[in-house]
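Here are the chains, one letter per residue:
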Amino acid sequence: MTTTHCPYCALQCAMRLEPGPGGALAARPADFPTNRGGLCRKGWTSAEVLTVPDRLTTPLLRENRGADLEPVDWDTALDHVADRLRGLRESFGADSVSVFGSGGLTNEKSYLLGKFARVALGTSRIDYNGRFCMSSAAAAGNRAFGLDRGMPFPVTDLDEAEVIVLAGANPAETMPPLMGHLSAARLIVVDPRRSATAAEALRRGGMHLAPRPGTDLALALGLLHAARLEGLLDADYITERTNGFAQAWRHAAAWWPERAEHVTGVPATDIRAAARALATATGAYVLTGRGVEQHAKGTDTTSAWINLALALGLPGRPGSGYGCITGQGNGQGGREHGQKADQLPGYRRIDDPAAREHVAAVWGVDPATIPGPGPSAFELLDSLGRGDGPRAMLLFGSNPVVSAPDARRVRERMAALDLLVVADFVLSESAAMADVVLPVAQWAEESGTMTNLEGRVLRRRKAAEPPAGVRTDLEVLNGLAVRLGQPPARFPTEPDDALAELRAASAGGAADYSGVTPERLASGEALYWPAPAGGPATPRMFLDAFAHPDGRARFAAVEHRAAAEDTDPEFPLVATTGRLMGHYQSGAQTRRVTELADAEPDAYVEVHPDTAACCGLAEGDWAQVTSRRGATAARVRLRSDARLDTVFLPFHYAGEQAANNLTNPALDPTSRMPEFKVSAVRLRPHATR
Ligand code: SF4
């Protein structure tokens, strides 16, 4: 029996993996502060992923486009990849090769992937799928607090809250054990949909504020305005701990509740009531999720919610605060160790000379050889095979042809590559397009560390041997790096050796892991970063000062603006996308788990009965949903509490059923987050189903 953590979301529930009926491993809940002995259905069924029938156990190689993927041995596969990478670099320069990572990779893998790109390949072309999840919250957190630790306090602090605003978050569906920490609070849920969390809030006497999609920023401005009108702002806190309120207020001053109602559709009386409830609670939190973050103005929208929290004096005080509910399993750690286009380990900026010096010394390279910042995830994907864009991509832990916006365009760009290499455990939709597929171990077949949504570093323990023929991601990176002329010791294959190097690289950085040792982890110490060597960890941040040089938080002067595209007679409805309890991300894992696949076998579109009737559709029909970018097929699911003007689609399905065939890659100017949450669409009966 091995105690470890779930392979999926950022709550990282603790679980025991033990022999179940028939001898295969089974997951059972384990006690841990975040999940308190609970698991959602994804966690309960997670061990099945280890034994899926289509598990890859040998590398696959496609000799040329049009040929099939054929099994080859590891040396053949790695030699082929290294030869092609070397050739492309010699002919077209280092930036002709690129790397795409994941917020699901362990800290050690995230760290070595960034190092591999900068040192072994010398390319600036590296980014990761976390750009599509948490980047707006990260940018807004850095802007406000000088540092982004999504939830700068332990989840258990929420147990004592009196009021919690959940803006664009649906934990009752996506992270059910988290709801156990919200049970004492009055919930104010902000979501265009009557989500499971919104319904729960109403059942318990809370509120559901349902803004028109894309107007969350205006709603936050309206709440700030309402709180000030009623004299509920914390003037002392604003004076003593913040800067920039006057500039921020210049925008909020124009958002009196009736104007906010006009734009958002949320009644002014509800805006006033919500502002009053939040401002007068003795313990209050504002938590944001993807619903407010995945917009072309996601950073400003998140900033508007942070502004509200700051104006009420919540962040950096015991018993209250602001936090982002990070989504991917290592969404927090994945953005700290250097697989982002603009960052080096320790959450350092890649364009900071001191950061480059520090990291170069750990890597044993000349700082001048570390490339500068590269393009963000969608810009990188969109540049593949074009002009001077990359001609090769190495993909680890990600399935962008399902999870990236405008999926058809992404598929076209990936098909234009000279070389696509995918490391995965099954032939995902992206792997099926590859020239080389490298079969790699899964979470329970290797050890490593993850950083959960609270910023706590956790040990994932090995519970099973990988199947014969499978290697770990670290072994793959080492094998390629050595073939590209790197010393073997520069790319360790043992996770604890990689962690030791990560500790040195992060030391002194914003996300300081220098005290995250195997011994401290084994002792059960709660290692919330910053966790400096020889010093205590940091469960709660900002109690004395924020991370800006002057110790003060900063309001952001933000203004509402329209979504990147609007509806019109041809595309009269808005589509939003989101997650289901039974599936995770692109579904490459969960669509292979029998119970989960049987529960939700097909994509669906949630639509109001009147809207469906106007489109000639009834419950269970196959609909074709079409945007300006593409179309998807989905079964109609009628919801009388849905908005008449908005449909919802889960994004876990692939191919013809991929919701991301519809989504808009308009990018946030700061975070480069695409606008997943607002696409103009039309709905028709499906012609061929
Ligand atoms: Fe917990 Fe998330 Fe895993 Fe569900 S998916 S068991 S909420 S970590």
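If you're wondering where the values come from, they're calculated on a predicted model, not measured in any experiment. (Residues numbered from 1 in each chain as written. Predicted model: local features only at pLDDT ≥ 70, side-chain atom pairs only at ≥ 80, totals over all residues.)

**As for the overall build of the protein**
Line of reasoning, step 1. When you go through the protein residue by residue, the secondary structure sums to 22 helices and 30 strands.
Line of reasoning, step 2. Relative to its length of 689 residues, the protein is compact, with a C-alpha radius of gyration of 24 Å against a globular reference of 26 Å.
Line of reasoning, step 3. With respect to the principal axes defined by its C-alpha atoms, the protein has extents near 70 × 65 × 55 Å.
Line of reasoning, step 4. Here the protein holds 689 residues, and 60% of them are scored as buried.
Line of reasoning, step 5. Pairs at least 24 residues apart make up 71% of the contacts formed inside the protein by residues separated by at least 6 positions. (Helix = DSSP H or I, 4+ residues; strand = E, 2+ residues; numbered from the N terminus. Rg over C-alpha atoms; globule rule 2.2 N^0.38 Å. Buried ≥ 20, exposed ≤ 12 C-beta atoms within 10 Å, placed from the backbone. Contact = placed C-beta atoms within 7 Å.)

**Observations regarding the environment of P467**
Line of reasoning, step 1. Counting through the fold element by element, P467 comes out in the loop between β20 (456-460) and α18 (473-483).
Line of reasoning, step 2. Given 17 C-beta atoms within 10 Å, P467 falls into the partly exposed group.
Line of reasoning, step 3. In this structure, the C-alpha to C-alpha distance between P467 and A137, residues 330 residues apart in sequence, is 38 Å.
Line of reasoning, step 4. Here P467 is in contact with R55 and T57, once residues within four sequence places are set aside.

**Remarks on the packing of helix α2 (residues 74-92) against α18**
Line of reasoning, step 1. Where α2 meets α18, the closest approach of the two axes is 9 Å, and the angle between their N-to-C directions is 50 degrees. Relative to α18, the element α2 lies oblique. For the pair α2 and α18, the sense of crossing is right-handed. Listed contacts from α18 to L78, D79, V81 and A82 of α2 are G479, L480 and R483. (Axes fitted to C-alpha atoms, helices over the stretch in contact; angles between N-to-C directions. Parallel < 35°, antiparallel > 145°, perpendicular 65-115°, else oblique. Left-handed = near helix turned anticlockwise from the far one by under 90°.)

**Concerning the site of the ligand**
Line of reasoning, step 1. If you check the shell around the ligand, you find 14 residues, and the closest are C6, C9, C13, C40 and G43.
Line of reasoning, step 2. Counting the residues that make up the shell around the ligand, at least three belong to each of domain 1 (2-51) and domain 3 (135-329). (Near = placed C-beta within 6 Å. Domains from an automatic or database assignment.)

**A few points about unusual backbone geometry**
Line of reasoning, step 1. Omega for the peptide link from W529 to P530 comes to -5 degrees, which places this bond in the cis form.
Line of reasoning, step 2. With respect to the helices, strands and loops of the structure, P530 is situated in the loop between β21 (527-528) and β22 (553-554).
Line of reasoning, step 3. For Y347, which is not a glycine, the phi torsion comes out positive at approximately 60 degrees.
Line of reasoning, step 4. Within the secondary structure, Y347 is located in the loop between β14 (343-344) and β15 (348-349).
Line of reasoning, step 5. Non-glycine residue Q585 carries a positive phi angle of around 50 degrees.
Line of reasoning, step 6. Positionally, Q585 belongs in the loop between β23 (573-578) and α21 (594-599).
Line of reasoning, step 7. Residue classification places Q585 among the buried residues on the basis of 26 C-beta atoms within 10 Å.

**Section: the nonpolar core**
Line of reasoning, step 1. Within the largest apolar cluster, 216 residues are counted, with the highest numbers of intra-cluster contacts made by F116 and I164.
Line of reasoning, step 2. Dropping the residues within four chain positions of it, F116 is found in contact with V99, L121, L477, A481 and F491. (Core = buried A, V, L, I, M, F, W, Y, C linked by C-beta atoms within 7 Å.)

**A few points about helix α10 (residues 257-264)**
Because an α-helix packs 3.6 residues into every turn, residues spaced three or four apart end up facing the same way.
Line of reasoning, step 1. Those residues of α10 not exposed but buried are P257, A260 and T264. Along the long axis of α10, the arc covered by the buried residues comes to 55 degrees, so they all point the same way. Residues E258 and H262 are exposed on α10 and point more than 90 degrees away from its buried face.
Line of reasoning, step 2. Trailing α10 by a residue or two, G265 shows a phi angle of about 85 degrees, which is positive. (Arc of directions from axis to C-beta.)

**Overview of the sheet that holds strand β13 (residues 321-324)**
Line of reasoning, step 1. Across the sheet, 5 strands lie side by side as β10-β9-β8-β12-β13; this open sheet has parallel pairing. If you trace the sheet from one side to the other, it starts and ends with β10 (207-209) and β13, each paired once. Averaged over all pairs of adjacent strands, the angle between strand axes in this sheet comes to 15 degrees, irrespective of strand direction.
Line of reasoning, step 2. Sheet topology places strand β12 (residues 284-288) next to β13; 4 bridges connect them, and they run parallel. Counterpart to V286 in the pairing with β13 is Y322.
Line of reasoning, step 3. Set on the sheet, helix α6 (residues 196-203) makes contact with β8 (163-167), β9 (186-190) and β10; between it and β9 the angle comes to about 145 degrees. (Pairing = 2+ DSSP bridges.)

**Looking at the UniProt feature "domain: 4Fe-4S Mo/W bis-MGD-type" (unreviewed entry) in the protein**
Line of reasoning, step 1. On the UniProt side, "domain: 4Fe-4S Mo/W bis-MGD-type" (unreviewed entry) is annotated at positions that read residues 1-54 here.
Line of reasoning, step 2. Secondary structure content for residues 1-54 is 7% helix and 28% strand, while the C-alpha to C-alpha distance between its ends is 26 Å. (UniProt positions renumbered as here; feature names shortened; annotations may be inferred.)

**Side note on the sheet that holds β21**
Line of reasoning, step 1. Strands sit in the order β19-β20-β21 across an open sheet of 3 strands; the sheet is antiparallel. The open sheet has two edge strands with one neighbour each: β19 (448-451) and β21.
Line of reasoning, step 2. Direction of pairing for β20 relative to β21: antiparallel, over a ladder of 2 bridges. The residue of β21 that forms the bridge with R456 is Y528.

**A word on the environment of D473**
Line of reasoning, step 1. Take D473: it is sitting in helix α18.
Line of reasoning, step 2. Distance from D473 to V440, taken between C-alpha atoms, is 6.1 Å for residues 33 residues apart in sequence.
Line of reasoning, step 3. Each residue touching D473, except ones within four places of it in the same chain, is listed here: K109, F396, A423 and V440.

**Focus on the domain arrangement of the protein**
Line of reasoning, step 1. Under the domain assignment used here, the protein contains domain 1 (2-51), domain 2 (60-129 + 330-440 + 472-510), domain 3 (135-329) and domain 4 (573-685).
Line of reasoning, step 2. Relative placement of domain 2 and domain 4: their C-alpha centres are 30 Å apart.
Line of reasoning, step 3. Taken together, the contact pairs 14 residues of domain 2 with 19 residues of domain 4.
Line of reasoning, step 4. For the side of domain 2 that touches domain 4, the secondary-structure elements that each account for two or more residues are α15 (377-383), α16 (400-403) and α17 (407-415).
Line of reasoning, step 5. Of the residues assigned to the side of domain 2 that touches domain 4, the class counts are 6 nonpolar, 4 polar and 4 charged. (Nonpolar A, V, L, I, M, F, W, Y, C, P; charged D, E, K, R; others polar.)

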